[in-house]
Every structure is written in structure tokens, then in C-alpha cells.
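Coordinates in review
Residues per chain, in single letters:
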Amino acid sequence: MSFNMVVRNGVTAAGARFQELERRVNVSFSIQRTIQFAETDMAGVLHFSNYFRLMEEVEHAFWRSLGYSVYMAGKDPDISWPRVAVHCEYRLPVRFEDTVELRHSLTRIGTKSIEHEIELIRDGRRIAVGTMKTVCCAMTGQGFTAIEIPAILREKLEPHWVRTGPDTGRKP
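Please read these numbers as outputs of a predicted model, since none were measured by experiment.

Brief notes about the confidence of the model for the chain
Counting all residues, the mean pLDDT for the chain is 85, and 79% of those residues have values of 70 or more. Under a pLDDT of 50 for its full length, residues 21-25 has, in the predicted model, six contacts with residues more than four places off or in other chains. The low-confidence segment residues 168-172 (pLDDT under 50) makes 11 contacts with residues lying over four places distant or belonging to another chain.

What follows is the structure, encoded as C-alpha cells:
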């Protein structure tokens, strides 16, 4: 008896399926959203730029669910979370009046930054997946200055952190 085992990046196909299922189970936050006509192109398909707006929408909803905002005025100093990297992979089209689930997970919490993964799901199928890296910044008259994530925010974020793989994502 013989069989072939496909290995990519040191992971078997079965292992990759298990990692995918484990990741889906660890989604920390999600919202439902219906695609509006103004968000589509002439073909009635969600315009590519609006995937990033949807990613931002679920990120903002996530922060509100924690009792905060991406812009925290009135703190000393005011805090904001500018994006330093974004990426989105489109797999299937999303059309006018489709209802999608936006699944948000924190995949890394560093000293000064966090990384988000957002999945767009329609009818149980993964339509797109995006990632964002945001940096905790003090807002002053001179602009943005990266700062360590305050302990009170870290305490709120850590229960939502999806830890998978050998690298847990946190710098010592």
C-alpha cells in the first residue's frame, strides 16, 4: 500500500485543513452587513476599494464592543491607531444586496502594534480575507508618535487574540 502526502511549508494538507478550522473557531468578533448599491461598480460588484472600508467598519465595531474607539480623545495623550500595512485577497465577487458576515480576529499583539485579520463570508463561503497592521500612537501637535499599548487596552485586547502556530506573535 502506498499513498502520497502533499507537504507545503512543512504542513500536510490535513494539517492545513485543521489549522484553517482552528482559526475559524477562534474568531473573536463579527458583524453582518448588506452591500449597498453605491458600493458597487458598473457590473454590480463590490468595488475593490470598498473591501477596505468593510475591514475598517468591523475594526471600528470591534473597538466599540470593547468600550473604546480607534480615536481615543480626552486621554493624556489622545490615542489613535493608524494603519501601517493593509492587504486583501479577493476570492469571489460580492454583489449589490448580498449580506456578508465580517469576521474580525486579532492575530498578533506586539508592544506597540496589533495585527487584524478580517474575513468576508457569504453563505458560509470565504469571499475575501484581509489583514491590517495598526500602531498605537500618541497624537500631539507634532503628529503621530508610536507608543506602547497601554496596559488597560492590552487587558481588553488579549482575550480576543487568536494564538496559533509556533510564533504567538508577542515580542518579549
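A word on the pattern of salt bridges
Under the defined criterion, the tally for this structure stands at nine salt bridges. Across the pair R83 and E56 runs a salt bridge, and its minimum N-O distance is 3.7 Å. Of this pair, R83 sits in strand β6 (residues 83-90) while E56 sits in helix α2 (residues 48-65), and the two are 27 residues apart along the sequence. Between R103 and E101 there is a salt bridge, with its nearest N and O atoms 3.2 Å apart. Classification of R103 as buried rests on a relative accessible area of 18%.

Focus on the nonpolar core
Of all hydrophobic cores here, the largest spans 34 residues; its most connected members are W63, W81, I114, L120, I149 and L157. Those elements that provide at least two residues to this core are β3 (29-34), α2, β7 (99-109), β8 (113-122), β9 (125-135) and α3 (151-157). Ranked by the residues each element gives to this core, the list is headed by α2, at seven residues. If we skip the residues at most four places from it in the chain, I149 touches W81, I109, G110, T111, K112, S113, I114, C136, R154 and L157.

Calculation notes
Residues numbered from 1 in each chain as written. Predicted model: local features only at pLDDT ≥ 70, side-chain atom pairs only at ≥ 80, totals over all residues. Heavy atoms only, no water. pLDDT = per-residue confidence, 0-100. Contact = heavy atoms within 4.5 Å. Salt bridge = Lys/Arg side-chain N within 4 Å of Asp/Glu carboxyl O. Helix = DSSP H or I, 4+ residues; strand = E, 2+ residues; numbered from the N terminus. Buried < 20%, exposed > 50% of the residue type's maximum accessible area, 1.4 Å probe, protein only. Core = buried A, V, L, I, M, F, W, Y, C linked by side-chain atoms within 4.5 Å.

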